[in-house]
Amino acid sequence: MTSKPNTFEYAINHNETDDFFRGKGRYFVRSPDYFGHVHGANISGQVCRFVGDSEENGEKFEQAFLTYMTGLDVTGEELSHLLANLSSYFAEKNRGRMGEVNLFSSHDSPAALLLLRYLALLHHAGLYDAVKPELEIHASYIEKLGSDVVFACMREVEAAC
């Protein structure tokens, strides 16, 4: 019996990880409740299976996610994708399914600094206040899962601006 190919591994091998994290094209998983993409399905299914195969795959996921964060456009849609991916990541991390993946190991980790930078860009673009309610929803969820990194970045951006 042949196992189903891993779409995250495919995305890495075809330089399509940004599409994977955005749920574009072959990586789109339709929600049964609304017409949008279910980021959690890709993270809990494809990514967790991929990173569970080896420590090296965990490192590949981390690098792909950091690269994705680096290339985010400053839009509400991009923020929505990012927040959905973050919430999915922290949910799986909380369940113990992300092994040694530690994207947000501290408030000065590369991922946390990219998040801070992105939120500052949203603020400077005049979008921060409009997206703050969505930020707070995800930040609260992530905090319940054991990380205050989103709230910490929000506080820092608000204090600086």
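Refer to the preceding data block for the structure.
Residues numbered from 1 in each chain as written. Predicted model: local features only at pLDDT ≥ 70, side-chain atom pairs only at ≥ 80, totals over all residues. Heavy atoms only, no water.

## Quick look at the overall build of the chain
Next, step 1: In terms of regular secondary structure, the chain is built from 8 helices and 0 strands.
Next, step 2: Mapped from its N terminus to its C terminus, the chain presents α and β elements in the order α-α-α-α-α-α-α-α.
Next, step 3: On C-alpha atoms alone, the chain measures out to a radius of gyration of 15 Å, which is about the 15 Å that the 2.2 N^0.38 rule sets for 161 residues.
Next, step 4: Projected onto the principal axes, the alpha-carbon positions of the chain cover approximately 55 × 30 × 30 Å.
Next, step 5: Evaluated residue by residue, the chain yields a buried proportion of 43% over its 161 residues.
Next, step 6: Taking all contacts inside the chain whose residues are at least 6 apart in sequence as the whole, residues at least 24 apart take part in 59%.
Next, step 7: With an accessible surface of roughly 8500 Å², the chain has 50% of that area assigned to carbon and sulfur atoms. (Helix = DSSP H or I, 4+ residues; strand = E, 2+ residues; numbered from the N terminus. Rg over C-alpha atoms; globule rule 2.2 N^0.38 Å. Buried < 20%, exposed > 50% of the residue type's maximum accessible area, 1.4 Å probe, protein only. Contact = heavy atoms within 4.5 Å. Areas by Shrake-Rupley, 256 points an atom, 1.4 Å probe, with all protein chains shown as cover.)

## Details of the packing of helix α6 (residues 110-124) against helix α7 (residues 128-144)
Next, step 1: With their axes 8 Å apart at the nearest point, α6 and α7 run at an angle of 135 degrees to one another. In terms of orientation, α6 and α7 fall into the oblique class. Across the interface between the two elements, L119, L122 and H123 from α6 touch Y128, V131 and L135 from α7.
Next, step 2: Its residues placed into classes, the contact of α6 with α7 shows 5 nonpolar, 1 polar and no charged. (Axes fitted to C-alpha atoms, helices over the stretch in contact; angles between N-to-C directions. Parallel < 35°, antiparallel > 145°, perpendicular 65-115°, else oblique. Nonpolar A, V, L, I, M, F, W, Y, C, P; charged D, E, K, R; others polar.)

## Observations regarding α6
Along an α-helix, residues three or four apart share an orientation, since each turn contains 3.6 residues.
Next, step 1: Its 15 residues place the ends of α6 21 Å apart at the C-alpha level, agreeing with the 21 Å of an ideal helix rising 1.5 Å per residue.
Next, step 2: Buried residues belonging to α6 abut α4 (55-70), α5 (76-94), α7 and α8 (149-160).
Next, step 3: Of the residues flanking the end of α6, it is G126, one or two places downstream, whose phi is positive at about 80 degrees. (Expected span 1.5 Å × (residues − 1).)

## A few points about the packing of aromatic side chains
Next, step 1: Here the structure, examined in full by the defined rule, presents 15 aromatic pairs.
Next, step 2: Look at F21 and F65: their rings are 5.0 Å apart centre to centre, the planes differ by 90 degrees, and that puts the pair in the edge-to-face class. With F21 in helix α2 (residues 17-22) and F65 in helix α4, the pair connects residues that are 44 residues apart, well separated along the chain.
Next, step 3: Note on F65: relative accessible area 1%, which makes it buried. (Phe/Tyr/Trp six-rings, centres within 6.5 Å; stacked < 30°, edge-to-face > 60°.)

## Regarding unusual backbone geometry
Next, step 1: A positive phi angle, near 55 degrees, is found at N15, a position not held by glycine.
Next, step 2: Mapped onto the fold, N15 is located in the loop between α1 (7-13) and α2.
Next, step 3: The exposed category is assigned to N15, whose relative accessible area is 71%.

## A few points about the side chain of S109
Next, step 1: Inspection of the secondary structure puts S109 in the loop between α5 and α6.
Next, step 2: Excluding residues within four positions of it along the chain, S109 makes contact with L103 and F104.

## Thoughts on the pattern of salt bridges
Next, step 1: For the structure on display, the rule yields 9 salt bridges.
Next, step 2: In this structure, E92 engages R95 in a salt bridge whose closest nitrogen and oxygen atoms are separated by 2.6 Å.
Next, step 3: Residue E92 is classed as buried on the basis of its relative accessible area, which comes to 5%.
Next, step 4: For R155, the salt bridge goes to D148, with nearest N and O atoms at 3.8 Å.
Next, step 5: Classification of D148 as partly exposed rests on a relative accessible area of 30%. (Salt bridge = Lys/Arg side-chain N within 4 Å of Asp/Glu carboxyl O.)

Shape descriptors only; they carry no functional weight alone.
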